[in-house]
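# A closer look at the structure
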Amino acid sequence: NYGRIAGRQLEWLKADLAAHREAILTFVAMHQPLFPVDGHRGESLDAFPRDRDALHALFAAEGVDCVFHGHEHLFHRRQIGGIDYVITGGGGGALYARPEEGGFHHYCLLRVYGGGYQLQVRRL
């Protein structure tokens, strides 16, 4: 179903997160954002708020540190319930937002060290 993670896909995700529960850091990469900020509001994983909130609760329960999304052609980072949510969709397509709102071409450099990580946004 477009706009939701359910059924076999959700069961796979639950099993994979549970199997790696002891990881020092856990990153998830997906296409559609749970919490879109621009032109895809209502057309992403927020289209079904109950499912989106259950997915966020799963990430929190399994200790996910950071979730990377695309779909929106911009950069945006925020923390919700201790989880970093990063939209990184500025790799070359048409941009949706003004530069001060994250509308710039970029890539992300993730440095993992010890029990933490540092995310740097690099403009192209």
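Everything numeric in this text was worked out from a predicted model, so none of it was measured. Residues take numbers from 1 onward in each chain, read along the sequence in its written order. Local features in a predicted model are, by the rule used here, given only for residues with pLDDT of at least 70; side-chain atom pairs are given and counted only at 80 or more, and totals for whole chains, interfaces and linings are based on all residues. The side-chain values count all of the structure's non-hydrogen atoms but skip hydrogen atoms and water molecules.

The pLDDT averaged across the protein works out to 93; a share of 99% of its residues lies at or above 70. Confidence scores differ between elements of the protein, with helix H2 (residues 49-61) showing the lowest mean pLDDT of 95 and strand S1 (residues 27-29) the highest of 98. pLDDT gives the predictor's per-residue confidence on a scale running from 0 to 100. Every helix listed is a DSSP run of H or I at least four residues long, and every strand listed is a run of E at least two residues long, numbered separately from the N terminus.

All right, on to the nonpolar core then. Judged by nonpolar contacts, the single largest core of 16 residues is most densely connected at Met30, Leu34, Leu55, Phe59 and Val67. Contributing elements (two or more residues each) for this core: helix H1 (7-19), H2 and strand S4 (83-88). When checking whether two residues touch, look at their non-hydrogen atoms; a contact exists if any pair is within 4.5 Å. Every residue in contact with Met30, bar those within four places of it in the chain, is listed here: Ile5, Leu45, Leu55, Phe59, Val67, Phe68, His69 and Gly70. Buried residues of nine kinds, namely Ala, Val, Leu, Ile, Met, Phe, Trp, Tyr and Cys, make up a nonpolar core once their side-chain atoms join them within 4.5 Å. Exposure categories follow from relative accessible area, calculated using a 1.4 Å probe and restricted to protein chains: below 20% of the type maximum is buried, above 50% is exposed, and the middle band is partly exposed. Of all hydrophobic cores here, the second largest spans 8 residues; its members include Leu25, Phe68, Tyr117 and Leu119.

On to the pairing of strand S5 (residues 106-113), then. Two elements, S5 and strand S6 (residues 116-123), share 8 bridges in a ladder whose sense is antiparallel. Looking at the pairing, Val112 lines up with Tyr117 of S6. What makes two strands pair is DSSP finding at least two bridges between them. The antiparallel hairpin formed by S5 and S6 contains 2 residues in its connecting segment, where Gly114 sits at a positive phi of about 45°.

The next point concerns the sheet that holds S1. The pairing of strands in a sheet happens through backbone hydrogen bonds and is either parallel or antiparallel. Reading across from one edge, S1-S2-S4-S3 is the order of the 4 strands in this open sheet, with mixed pairing throughout. Two strands lie at the open edges of the sheet, namely S1 and strand S3 (75-80), each paired on one side alone. Geometrically, the sheet is characterised by an average inter-axis angle of 15° between neighbouring strands, direction not taken into account. Bridge count between S3 and S4: 6 bridges; the pairing is antiparallel. Here the axes come from fitting lines to C-alpha atoms, over the contacting stretch only for helices, and the angles between their N-to-C directions go from 0 to 180 degrees.

With that settled, the discussion passes to the pattern of salt bridges. Opposite charge on two side chains lets them pair, provided their charged atoms get close. Put simply, a salt bridge is a Lys or Arg side-chain nitrogen that is within 4 Å of an Asp or Glu carboxyl oxygen. Scanning the model with the defined rule gives 7 salt bridges in all. With a shortest N-O distance of 3.9 Å, Glu11 and Lys14 are connected by a salt bridge. A residue pair is termed a helical-turn pair when its members lie 3 or 4 positions apart in one helix, as Glu11 and Lys14 do in helix H1 at 3 residues. Under the relative-accessibility criterion, Glu11 is labelled partly exposed at 47%. A salt bridge links Arg98 to Glu101, with the shortest nitrogen-to-oxygen separation between them at 2.6 Å. A network of salt bridges, in which partner residues are shared, links Arg98, Glu100 and Glu101.

Moving on, we come to the environment of Tyr2. Here Tyr2 lies in the segment before H1. By relative accessible area, Tyr2 is classed as exposed at 59%. Separated by 45 residues in sequence, Tyr2 and Ala47 have C-alpha atoms that sit 8.9 Å apart. Here Tyr2 is in contact with Gln32, Glu43, Phe48 and His71, once residues within four sequence places are set aside.

When two rings of Phe, Tyr or Trp (its six-membered ring) have centres within 6.5 Å they constitute a pair, described as stacked for plane angles under 30 degrees, edge-to-face for angles over 60, and tilted for the intermediate range. Tallied over the entire structure, the rule returns 4 aromatic pairs. Seen in terms of ring centroids, Phe27 and Tyr117 are 5.2 Å apart; in terms of plane orientation they differ by 75°. Their pairing is edge-to-face. Of the two residues, Phe27 sits in strand S1 while Tyr117 sits in strand S6, which places them 90 residues apart along the sequence. With a centroid separation of 5.1 Å and an interplanar angle of 80°, the aromatic rings of Phe35 and Tyr85 are classed as edge-to-face. Taken together, the positions of Phe35 in the loop between S1 and H2 and Tyr85 in strand S4 put the pair 50 residues apart, joining distant regions of the chain. The two residues Phe35 and Tyr85 agree in class, both being buried. These aromatic residues form a ring-pair network of at least three members: Phe27, Phe68 and Tyr117. The criterion is that NZ of a Lys, or CZ of an Arg, lies within 6 Å of the ring centre and within 35 degrees of the ring normal, and then a charge sits over that ring. One cation-aromatic arrangement involves Arg4 over Phe48; the distance from NZ or CZ to the ring centre is 3.5 Å. Above the face of the Phe104 ring, Arg123 is positioned so that its terminal group lies 3.8 Å from the ring centre.

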